[in-house]
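Geometric and topological summary
Here's the letter readout for the chains.
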Amino acid sequence: MALHRRTGSLASNNIRLTENQVHQNKYDRINESTAKRPEEAYKREFYESFEPVSLINAVATYLCYFILTLFGYIRDFMRRNNFEQVHGANESPELLDFVPLYQDFDSFYTRNVYRRIRDNFNVPLCSGAGSVIRIMERYSTDDNWTFTYTGKSIEAINFGSYNYLGFSETEGYCHDQVKESLEEYGVGICSVRQELGNYDLHSKLEKLTAEFLGVESAITFGMGFATNSLNIPALVGQNCLVLSDQMNHASLVLGIRLSGATVRVFQHNNMKDLEKKLRQAVIKGQPKHFRPWKKILIVVEGIYSMEGSIVRLPELIALKKKYKAYVYLDEAHSIGAIGPHGRGVVDYFGLDPKDVDIMMGTFTKSFGASGGYIGGTKKLIDHLRTCSHSTTYATSMPPPVVQQIISSMSCIMGKNGHSELNRITKLAENTRYFRRRMNELGFVIYGNKDSPVIPILVYMPGKLAVIARECRARGLAVVVVGFPATPLIEARCRICLSSSHTKEQLDEALSILSDIGDQISLKYSRLPLEERISPYLTPDTEEQTTNGVKTHLNGNHHVGNGHVKNGNHNTVINGTKQQLTNGKIKHH
């Protein structure tokens, strides 16, 4: 039996156990009392919804893809026999005996599925990514193989950008600070950090980031994707084990693959499955020779951008302490977006930042800039400064981008006389309101009730194209995502909320989505109304009337485990009054 024992730091891949330590490992036992029970780990209510797809929708979606595949093979047959013109990339006739340059299925899917709805992707903009954007108008005469621009633009409410705190703006304090830095430093640096690309602004940003996160030190990088993919190989390697969440981002997956470490995937946000794999890793050790793993690294995200879910961090930290593992937390979508001070999931749950070994995040979302960071102990950051390819070979972050991050982060922290905590409060209010209204309308939405990422389940590829085109035609910009970025039967329309969205813009978007949902039958939810909206009701007396639905709350109201307790909730739907008492509905 080989028991993992945390004896080294993340700053070294060459961890060796002494003979006494190995001997001690044989008799070391896991202390079951070190991990709290799940219900004791949370200081606040934690509610997430993932309504399963119905059988009829699953069958219909598979049938859609079967028909698309059948017609795809027919059209490929016509292209090979010159009945139809070939627009896509093909293998050169002179190279047919060589290894194919294009994978057959990938090319088939691109030609016959993706191409049909290609007008909804790579949409060109001609404005800033604020609450309202301008989309360049274009059309295709050859079934989306090529596009022609008309020279005109369409104004639309922006529900697709990751502009969570509204700092992607063309005026205001941050804009003025960036303009001054542009005049002083210029645009580019033309060097790496370790040569002539280390400016005073970079050091200022890293100190500010460490203070914001509540860690000893921090390091910044010019690209968020590379922050994961090029730094994970500097932290783990051979004879290390990585436990990765099933829904982790592609940058995390790529970084783990490049590291050469052994990887095992656990079910999304399932702490029981994670503990099972942790226990097996600690007891059995490495395959074949059963030696202890040098390191066990758990890799998760704060907010999962496709699911809208929030990591169960209190339980995760309890497991980390129990099994002596490390935690790598990717806060790309959560930093700035949640928590009373905008400091991500650690702030959201009220935990100690020191309990997270590697705190990673990006500046591309809440801060309205680009790049990424890693925060942790000084020893960890010093190791990354010398061993990370992203530091050694990547060009430094441009000064105007650095200044944008410094200015926006200072606003969140209340420095320099500019406090923007109201942006965080406004985003939380918009999130609760929009999620509750979408549930009232009958849509199936995924994720945590406090997550500003709201996936609307569409399922079928045909409806995916319709909702994107109809929204754009009515002045609403949304993002649609399908296979292979999502499971085959879980295509979705993803909404990203911002603190810059006004109540009027939210209501207009809800009205547009409701109309389209009625037209193409997108309101799939089969859950009772009270079960869908109860997590979003507050203890205060509340009355809302929207689209014929009136909600009124009397007395003290408490939500526990997603059900209504200790209060009466009156709802009027289509002229019928219903009273909800202690989670049960009564008809009048």
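Just above, that's the structure.
**Comments concerning the sheet that holds strand β8 (residues 326–330)**
Strand order in the open sheet formed by seven strands is β4-β10-β9-β8-β7-β5-β6, with mixed pairing between adjacent strands. Across the chains shown, the open sheet's two edge strands, defined by having one partner strand only, are β4 (217–221) and β6 (262–266). Averaged over neighbouring strand pairs, the angle between their axes works out to 20° when direction is ignored. Sheet topology places strand β5 (residues 241–245) next to strand β7 (residues 296–301); four bridges connect them, and they run parallel. Across the sheet, Leu 243 pairs through a bridge with Ile 298, a residue of β7. With respect to the sheet, helix α6 (residues 200–213) is in contact with β4, β9 (358–362) and β10 (372–376), its orientation differing from that of β4 by roughly 125°.

**Some points on the packing of aromatic side chains**
Under the definition given, this model contains 13 aromatic pairs. Measuring from ring centre to ring centre gives 5.7 Å for Phe 159 and Phe 434, while their planes differ by 35°; the resulting arrangement is tilted. Of the two residues, Phe 159 is situated in the loop between β3 (148–158) and α5 (173–185) and Phe 434 in helix α15 (residues 421–441); the sequence distance between them amounts to 275 residues. For Phe 434, a relative accessible area of 0% puts it in the buried group. An angle of 40° between the planes, with centres 6.4 Å apart, marks the rings of Tyr 162 and Tyr 164 as tilted. Judged by its relative accessible area of 27%, Tyr 162 is partly exposed. When its relative accessible area of 0% is taken as the criterion, Tyr 164 is described as buried. The rings of Phe 212, Phe 363, Phe 367 and Tyr 373 are connected pair by pair, giving a single aromatic cluster. The cationic tip of Arg 138 hangs over the ring face of Phe 147; the distance from NZ or CZ to the ring centre is 4.2 Å.

**Focus: the pairing of β8**
Most of β8 is tucked away: five of the five residues are buried. Where burial is concerned, the two faces of β8 agree: the one with Tyr 326, Tyr 328 and Asp 330 and the one with Val 327 and Leu 329 are both buried. Bridge count for β7 against β8 is five bridges, and the pairing is parallel. Bridge assignment links Leu 297 to a residue of β8, and that residue is Tyr 326. Viewed along the sheet, the connection from β7 through helix α10 (residues 313–323) into β8 turns out right-handed. As paired strands, β8 and β9 are joined by three bridges and run parallel to one another. Considered in β9, the bridge of Asp 330 is made with Met 360.

**Examining the side chain of Asn 439**
Tracing the chain through its elements places Asn 439 in helix α15. For Asn 439, a relative accessible area of 7% puts it in the buried group. Setting aside residues up to four positions removed in sequence, Asn 439 forms contacts with Ile 445, Arg 532, Ile 533 and Tyr 536.

**Quick look at the side chain of Asn 158**
Following the sequence through the fold, Asn 158 ends up in strand β3. In this structure Asn 158 comes out as buried when scored by relative accessible area, which is 4%. For Asn 158, the side chain forms a polar contact with the side chain of Ser 161, separated by 2.9 Å.

**Structural notes on unusual backbone geometry**
Trans is the common state for peptide bonds, and a negative phi is the common state for residues other than glycine. In this chain, Phe 483 is followed by Pro 484 through a cis amide linkage whose omega measures 10°. By the secondary structure assignment, Pro 484 is in the loop between β14 (479–481) and β15 (491–496). Phi at Asn 269 takes a positive value of approximately 55°, unusual for a residue other than glycine. As for its position among the elements, Asn 269 is in the loop between β6 and α9 (271–284). Asn 269 sits in the buried class, given a relative accessible area of 8%. A positive phi angle is found at Ser 521, which is not glycine, with a value near 60°. Mapped onto the fold, Ser 521 is located in the loop between α17 (503–520) and α18 (529–533).

**Examining the sheet that holds strand β12 (residues 453–459)**
Strand order in the open sheet formed by three strands is β12-β15-β14, with antiparallel pairing between adjacent strands. Two strands close off the open sheet at either side, each with one partner strand: β12 and β14. This sheet shows a mean twist of 25° between the axes of neighbouring strands, independent of strand direction. Examined bridge by bridge, β14 and β15 share three bridges and lie antiparallel to one another. Its bridge partner being in β15, Val 479 is matched across the sheet by Arg 494.

**With respect to the environment of Phe 434**
Along the chain, Phe 434 and Ala 509 lie 75 residues apart, while their C-alpha atoms are 9.4 Å from each other. Contacts of Phe 434, omitting those with residues within four sequence positions, involve Phe 159, Ile 454, Ile 495, Leu 497, Leu 506, Ala 509, Leu 510 and Leu 513.

**Description of the environment of Gln 286**
Residue position: Gln 286 is located in the loop between α9 and β7. Placed 24 residues apart in sequence, Gln 286 and Thr 262 show a C-alpha to C-alpha distance of 9.1 Å. Non-local contacts of Gln 286, meaning those with residues more than four positions away in its chain, are made with Asn 239, Arg 291, Pro 292, Trp 293 and Lys 294. Engagement of the side chain of Gln 286 in a polar contact is seen with the backbone oxygen of Pro 292, the distance being 3.0 Å.

**Here we look at the packing of α5 against helix α14 (residues 399–413)**
Axis separation between α5 and α14 bottoms out at 8 Å; the angle between their running directions is 150°. One way to sum up the angle between α5 and α14 is to call them roughly antiparallel. Between α5 and α14 lies a crossing of right-handed hand. Residue-level inspection shows Tyr 173, Cys 174, Gln 177, Val 178, Ser 181, Leu 182 and Tyr 185 of α5 in contact with α14, the latter providing Pro 399, Pro 400, Gln 403, Gln 404, Ser 407, Ser 408 and Cys 411. Looking at the contact of α5 with α14 residue by residue, the class counts come to eight nonpolar, six polar and no charged.

**As for the packing of helix α16 (residues 461–473) against α17**
Relative to each other, α16 and α17 sit at 145°, their axes nearing to 11 Å. Crossing hand, α16 versus α17: right-handed. Here Lys 463, Val 466, Ile 467, Glu 470 and Cys 471 of α16 lie close against α17, whose contacting residues are Leu 513, Ile 516, Gln 519 and Ile 520. Its residues placed into classes, the contact of α16 with α17 shows six nonpolar, one polar and two charged.

Definitions and limits used
Residues numbered from 1 in each chain as written. Predicted model: local features only at pLDDT ≥ 70, side-chain atom pairs only at ≥ 80, totals over all residues. Heavy atoms only, no water. Pairing = 2+ DSSP bridges. Helix = DSSP H or I, 4+ residues; strand = E, 2+ residues; numbered from the N terminus. Axes fitted to C-alpha atoms, helices over the stretch in contact; angles between N-to-C directions. Contact = heavy atoms within 4.5 Å. Phe/Tyr/Trp six-rings, centres within 6.5 Å; stacked < 30°, edge-to-face > 60°. Buried < 20%, exposed > 50% of the residue type's maximum accessible area, 1.4 Å probe, protein only. Lys NZ or Arg CZ within 6 Å of the ring centre and 35° of its normal. Right-handed = clockwise from strand over helix to strand, strands pointing away. Polar contact = N/O pair within 3.5 Å; in protein donor to acceptor, adjacent residues only side chain to side chain. Parallel < 35°, antiparallel > 145°, perpendicular 65-115°, else oblique. Left-handed = near helix turned anticlockwise from the far one by under 90°. Nonpolar A, V, L, I, M, F, W, Y, C, P; charged D, E, K, R; others polar.

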